[in-house]
Structure formats: C-alpha cells, structure tokens
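Listed here are the chains, written in short residue letters.
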Amino acid sequence: MDQEEQQEREQERGIRRQATTWIHGAGNKARAGFRHALGILDGRPRWEQAVLIGLWSFAALLIALLVYLMILIPLTPGIDDLKQVSSARPSVMVSSDGKELGTFEQGLQERVKLSQVSPHVVTALISTEDHRFYDHHGVDFTRIAGALVASLKGDAQGGSTITQQLARNMFPEEIGRARSINRKLKELITAIKIENTYSKTEILEAYLNTVPFLYNARGIEMAARTYFGKPALKLDVLEAATLVGMLKGTYYYNPVTNPERSLGRRNVVLGQMYKHGAFDEKRFKALTKRPLRLRFERQLDRSGRDNHFTAHVRKWLLEWADENDYDLQLDGLRVETTLDAELQQAALRAVERQAGALQAVADVEWANPGLPNSSSTGTYAAIRPNIKPFDYYWLSHAAQLDAFVRESGEYRRAVEGGEAPAAALKRLKGDRTFMRELKEGKSRLEAGFVAMDPATGEVKAWVGSRDFARDQYDHVAQAARQPGSTFKPIVYGAALENGIPPEQTYVDTVMEFDMGNGKVWRPTDMSGTSGRQISMREGLVHSKNTITAQVMQDVGLPSVIKLAKNMGIRQSKLESVPSLALGTSPVTLLEMVNTYSTIAAQGEYRKPVFVRRILDRDGKVVADFATVASERAMSQAASETLIDILRGVVNRGTGTAVRYRFGVTGDVAGKTGTTQNNADGWFILMHPNLVAGAWVGFNDNRVTMRSNYWGQGGHNAILLVGDFFKTALDEGKIDKEALFPGGRKPEPVHRRAEPEEEFIDEEELNEGVPADEAVEVTPVEDEAVEVETVPEEEIPPPPPPTPVPAPEY
C-alpha cells in the first residue's frame, strides 16, 4: 500500500470517527434541546411558536443534510479512483509482430492537451456552462441558488459546474444519472475532491477529452474530425460554439439530424460568449447570421475493422478480465496475440481469391442445364458476366425455394401477425427485393481457414468467412460440419495404436456390417470395387470407404472416439455409429486442424493458443499463456507412420494439386474430404512448422456444388490451402528444408498452371506427372457412401437446417 492510499484511508477512518462522535453528541444535545425548546415555547403567542418551529425545522434539516454528506464522503470515488480514471487508457490487442489488431475503447477517442484545443472552444465552454469556473472550488453555490429560484418559478435550470459534469462523465455508475438529491450530493462531493486533486487546466482538459459527441466520437478531438473534418486546434468560433452547444443535449441538438435546432443553440452559445466579453455586439450579430456549415464524416476505427479472430479473442478476454478484476476499457492492457500479421494477410488473400473463383464456378454451373466441364477456374470467370447466376438451380428446385421462404424471419413474422400462410408465401415470392436477397444469401459460397503452429499450439492465421462485415458466423470455431474423409486418419491412427501395421491388407469389396435390430450398413465407393487385397496404407491414400469401414470394425468405435477426443475434437459430440469412420459426425474446422497439429507434433496434443501474454500499462507481465503443457494423445511411432501414409495423399493421392498446381515443395502431408452431394469440401495440410486447413461450402447445406469435380475437397478447399502455403514458403515464413521424423526432401516439383482447355482432359492434366502420381479426374475422389436399409435418422445429419443422408466420400 503506497503512502497516498494509506493517507486517504486514514482520512476516511477519521471522518467516520468524527461523524459517529458528532452524531452521538448531536443526539444527546437534541434531546436536551427539545426539552429546553418546550420550555421556550411555553406561554408564547402562536405566531412566535410557528416561527420558532419553522426555524428549528430548517436548522434540523441542515444538520441532517450535513450528517448525510459526512456519510457519503467515504462512499464517493477517492484520490486513487480519480487518478486511475484520469490516466485511463483502452486495452489494445496486437499481433505477434506488434501490429495493432483492435482496441477496447469506449468510443473513438484521442486524448489531447488543452494547448491542442482551439481557445474558442474553452471560451465557449466556460461562457455557456460555467462562467464562474475560475472562482469556485468545484461547486458554485451562487449558481445553485439561482437555479433553484428559477426552477421554483417554472423555468427549470441546471446548476452543475464543469467539474460536476466531469464527475458524472468520469464515474457514471458510481454517481448515477437519475434526478435525485442523492446523485447531486455525490456529484458535489466528487467535484470538490476533483478540485482538490487537479488544477483548473487539468480539469478542463479531462472534461474535453471525455465528453461524448454521438457517432461513437468521444472527446473534442474526435468530435472536431467527425463534424468538421479538422483537428480541435483548428476549430473556428462558429464551429466551437456548435460543438459546445451540443453538450446540453447531443441528440436534440445534433447538427446532422437537427440542423435548425443546432443553429439556434449555436447562437445561444454565441450570445453567452458576447455577454461575458468574448467579442463586441457588432461581431456577435454578424456571427449569428452565418449558416451552419458541416463537413460530417464518420471516423473509421483506427485499429481496423474487427475480424473473426479478434472477435473470438475479445469474447475470451472479457471473461478473463472479469475473473481477474481488470477493466479492458480503462486499464490500458497490452494483449499480445499469437496471430502472425503476414500469414494472416496471406490467408485473407487466399480466401478472397480462391473462394471468389469457386463462387464463379458455382454461379456458372448452376446457371444452365448443361455443364462447361472445365478444370480451369479462369474459364468460369470468363463465362460469369454472361449468365444469370444459379438461374437453373432456382428453376429446378422450386420446392426448396418455397421452403427457404417459409423458413425466413419475414414469413414467420407475417404468419404470427395473423396473415394466412399461403397468402404470406405468395406475397413474399412476389417481393422482388426480398427474393433477390434471399437467393443471393443462399447461393453465396462460404469458406473458413485456420493455421496453427504444431509445436506450440499457437494460432497463426484465422479467416472465419469470406467477408466479416457480411457474414460474422465463424466457420472456424462456430460452424460444425461433416468432415468427410479428413476424419479417416483418426480411424487409421487408432488402428496403428492397436498394433495393426500399415501393410495389413483388406479385401476391396462391399461388406455388410450388422448394426443390430436387423439393420445393415453397406459402405461403397463410387469407383466400384476391385476385389483385390489392398493394404491399410493404400486404403487411406486412396480414401477407400470399403477399407476404412473394415479398419473401423477391427479397432472398434470406442477406440476411435477416445483417440479423436485426445487428439483435439473436444467441443463437438461424436456420434457412436459405424458411419463415424467416414466423417458423418459434425465438427469444427478448428478442431480438425488441431487434431492434425497433434499428428504433426508426433502425437503431442496442445490446446489452441490465441493470446501469448498480457502486459499492464507499464509493461509488466500480468498473465503468460505462451507455455502450454502438452498431452500425449498417441504414440510417437504411430504418429510418424500416420504422417508417412498421409505424405502419399499429397504425392500420389487426392491431394496432388497442392504440389502440381501451386508448386508447394517440402515435407508435407495431408488429407482431402468431401461430403454427400458435394455439400462440404475439406483439405488439411501438415508441415513441420505449420498446419493449415480449409472448409468450403454453403451456409445452408441443402445448396451444394453441382459437379463432382468442383465439389471435391481436392479441387475446392485445396485451392485455399495451396495458395496460402505457396505464399508462406515463398516469403520464408516456414522452412522449406524442415522435415518430419523419418522424412526426406521430395524431388523438386514444377508448378503447373491451370489447364487452358475448357474441357477436362485427364491425359492433359497428368502430362509430365509420373505414372504412379497421376491425378484421377473421375470418378469422384472414391469417397462415396452408400447406406442400405439404414433409416436416415440413424446417421447424424449436419446442421443447419434439415436432416440429410450420410455423406459420400
């Protein structure tokens, strides 16, 4: 406890003791005085008795008021509170390289010295709000008396000084805003404390920096920029009078929405300035004739617009601050996040560029009955200006469109308001604006992307949607979708943990799995079956459902679910059904990337880290989260084998595009995933330094990519990850020479540009590629699921909003 705080507490204890002693003494004297008063009144005329009783009552009221003031003194903000608020600064979030990501300001605010404020502002403020400012000590009793008399005559007036108004601005919760004696007394006491702590200059400076001016502008500097497009120092007398005039009622005298009222109030302020000698009558009359000229422009948040990452961190920080007794708006904390600004920009560019290209693909493919069948996104971009996006989709899905209308908030409100359902449906379908917005929203392709450091668990890049301003639903941490074949490595990892070697063979044939109660599950592959013996390694590389189902049967559902939770799927509930092996249970992208980070870290699980540490305003560390304890989720040997198998996916399986389309070199491994009807596309890529994953799809999973080619994760989500990794490698953000245990540097791969031919030609796609690494264009990724005699409800549907059958892989 410092000397000032100890001194303040001693003063408060002394005040309490004095008040207690005084009250007891006053009580004894009051009893004796009452007996004496009765003697004095005895025998006097009635009018004298009335006068004496009135005087005594007034004196008693004053004494009671003084007693109450004594009680309130220790209950109002003290010296430490005043100094803390006067030095208040908003907390700030920064990236790992120190770039500002966001702040916790109460509003857009920039504190300035009084010397940086136009003298016209100070003159207008004192003349209008408190012309005796330099003569009182926080409370102007002369003005209070005058306001009281005026109020009794029916002309309500305020008697608050600038210092009292500052007290309200500084401590709105402690003092309150209600019109009551209690509030005024608290305000009065706090104003006196402020005057005894700070100089008049400091009080004016604090007041002008804290007063709100609408449009999220707080303080005179941001008000000057918002309403007049200039700094506070450059405000002329008319502009200063306009802003000071707003203080009586910012909404009522808002010059933007109520220019006439604002002009009248401005002239009142000019009149007060003239009255107190700011200028002569001639200038006053000339000024009042001048028009109200604004250069209004909302000020942008200097910290930049929020994104999904900062929104996620904000929520976490608010909980942390509550638990640890910090005020993020006042304490000036520096929150050092894990986000890498350069990698974040690479992720944003990849999502914008590639998701935009895929949107053109979806728009064109659903525009007409026929399909272009091109493997080049450039072809679709060229066609896009000449078609009506999704025109054929809406023509061929009329019932689905009706369902979308019925699910809308407008339809629900209409029916709840008494409109007949059929009439509401017809009316809304006839509303062109409503239907256009509905169709645009449903047909907008979305995406999520996240990247983590497997060695630390730190999140390095996070993009929750294509546009945060348009879609704040976070497809990284909030959206749970079926992961498709990206879940399969967990099944094979469980097999490895159970001692099944990667060379273990299974017959590539359709098998029936008894689910009990006469129900049978028959997973198949769209490419058919060969009847050959296929190793477990090849089953994962080529994403064979027939093999995966048999592996699941050997290891058992409990082992798979336990390993999935240990590796990172800790938020989503995994359904204990056989089809889980093929990724039917919805999970988040963050959980899946975290799971692959566990594989990349040789089986060590680390909880995702968003904030490294938090420092106070003086640079002292108050919380450190950089060191995260790891948990052994799977053995190192099993994880190394699993990494080696997943290398094959990138080198000769469904993930080859990351090498030949983007030229990504280095020791990388990954997995693609696609769900039924092409509703979800996934791709996750592991590098010793970084693990990144992407999901592509529509918010409503009833809307899907049309063609099997572009509906695959190996052709859609892989574009986002490949684009990002290419930038990360080119800019040296990750080490090209880094190797996983047991790894070796791959042969150099030359990046292949998109095919120029419009139609998919398998031979051309594989030109220059070794025969054992050729890309198979059709059929669909060998990831289809066929479920026979199993009711739809037995297979968990993904949200939102209606049940769908099990996914194809």
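Criteria and cut-off values
- Residues numbered from 1 in each chain as written.
- Predicted model: local features only at pLDDT ≥ 70, side-chain atom pairs only at ≥ 80, totals over all residues.
- Heavy atoms only, no water.
- Helix = DSSP H or I, 4+ residues; strand = E, 2+ residues; numbered from the N terminus.
- Buried < 20%, exposed > 50% of the residue type's maximum accessible area, 1.4 Å probe, protein only.
- Contact = heavy atoms within 4.5 Å.
- Areas by Shrake-Rupley, 256 points an atom, 1.4 Å probe, with all protein chains shown as cover.
- Pairing = 2+ DSSP bridges.
- Axes fitted to C-alpha atoms, helices over the stretch in contact; angles between N-to-C directions.
- Core = buried A, V, L, I, M, F, W, Y, C linked by side-chain atoms within 4.5 Å.
- Salt bridge = Lys/Arg side-chain N within 4 Å of Asp/Glu carboxyl O.
- Patch = residues over 30% accessible without salt bridge, like charges linked within 9 Å, V, L, I, M, F, W, Y side chains within 5 Å.
- Lys, Arg positive; Asp, Glu negative; His and termini not counted.
- Charge placed at Lys NZ, Arg CZ, Asp CG, Glu CD.
- Parallel < 35°, antiparallel > 145°, perpendicular 65-115°, else oblique.
- Nonpolar A, V, L, I, M, F, W, Y, C, P; charged D, E, K, R; others polar.

Engineer: With reference to specific residues and values, describe the overall build of the chain.
Structural biologist: Counting its regular elements, the chain contains 31 helices and 20 strands. Of all 809 residues assigned to the chain, the portion counted as buried reaches 52%. A sequence separation of at least 24 residues applies to 72% of the contacts in the chain between residues at least 6 apart. When the accessible surface of the chain is split by element, carbon and sulfur atoms take 51% of a total near 37,600 Å².

Engineer: Got a sec to walk through the sheet that holds strand E5 (residues 334–337)? Specific residues and values, please.
Structural biologist: One open sheet holds the five strands; their spatial order is E2-E1-E5-E15-E16, and the pairing between them is mixed. Every other strand in the sheet has two partners, leaving strand E2 (100–103) and strand E16 (621–624) as the edge strands with one partner each. Ignoring strand direction, the axes of neighbouring strands in this sheet form an average angle of 20°. Along the sheet face, helix H14 (residues 308–324) touches strand E1 (92–94), E2, E5, strand E15 (611–615) and E16 and points at about 50° away from the line of E15.

Engineer: So what's going on with unusual backbone geometry? Which residues, and what values?
Structural biologist: Even without being glycine, aspartate 325 reaches a positive phi, approximately 60°. The residue aspartate 325 is located in the loop between H14 and E5 in this model. Here aspartate 325 falls in the exposed class, since its relative accessible area comes to 71%. In this model, asparagine 373 sits at a positive phi of 60°, which is unusual for a non-glycine residue. Tracing the backbone shows asparagine 373 in the loop between helix H15 (341–365) and helix H16 (377–383).

Engineer: Any chance you could break down the nonpolar core for me, citing the residues and the numbers?
Structural biologist: Trp462, Phe487 and Met686 are the most contacted members of the largest nonpolar core, which totals 77 residues. When residues of this core are assigned to their parent elements, the largest contribution, seven residues, is made by helix H26 (residues 589–600). In this view, tryptophan 462 contacts His308, Phe309, His312, Leu339, Gln344, Phe449, Val450, Asp474, Val476, Ala477, Leu590 and Phe610; residues no more than four positions away in its chain are not counted. Formed by 62 residues, the second largest nonpolar core is a distinct cluster that contains Val361, Tyr393, Leu428 and Leu720.

Engineer: Go over the pattern of salt bridges, please, and point to the residues and values.
Structural biologist: As enumerated under the stated definition, the model contains 31 salt bridges in all. For arginine 334, the salt bridge goes to glutamate 336, with nearest N and O atoms at 3.9 Å. Note on arginine 334: relative accessible area 33%, which makes it partly exposed. Here aspartate 723 and arginine 353 are joined by a salt bridge, their closest N and O atoms 2.9 Å apart. Of the two residues, aspartate 723 is situated in helix H30 (residues 717–730) and arginine 353 in helix H15; the sequence distance between them amounts to 370 residues.

Engineer: So what's going on with the sheet that holds strand E20 (residues 690–698)? Residues and values would help.
Structural biologist: The five strands lie next to each other as E7-E6-E20-E19-E18, forming an open sheet whose pairing is antiparallel. Of all strands in the sheet, those bounded by a partner on one side alone are strand E7 (459–463) and strand E18 (669–674). Each adjacent strand pair in this sheet contributes to an overall mean axis angle of 5°, direction not counted.

Engineer: Any chance you could break down a negative patch on the surface for me, citing the residues and the numbers?
Structural biologist: Negative charge collects at one region of the surface, where Glu410, Asp431, Glu437 and Glu440 lie side by side. Since its relative accessible area comes to 40%, glutamate 440 is described here as partly exposed.

Engineer: Help me get a handle on the packing of helix H4 (residues 119–129) against helix H9 (residues 200–210), residues and values and all.
Structural biologist: Look at H4 against H9: their axes get within 12 Å of each other, and the N-to-C directions meet at 95°. If you check the angle between H4 and H9, you find them roughly perpendicular. Here Val121, Val122, Leu125 and Ile126 of H4 come into contact with H9, specifically with Leu204, Tyr207 and Leu208. Its residues placed into classes, the contact of H4 with H9 shows seven nonpolar, no polar and no charged.

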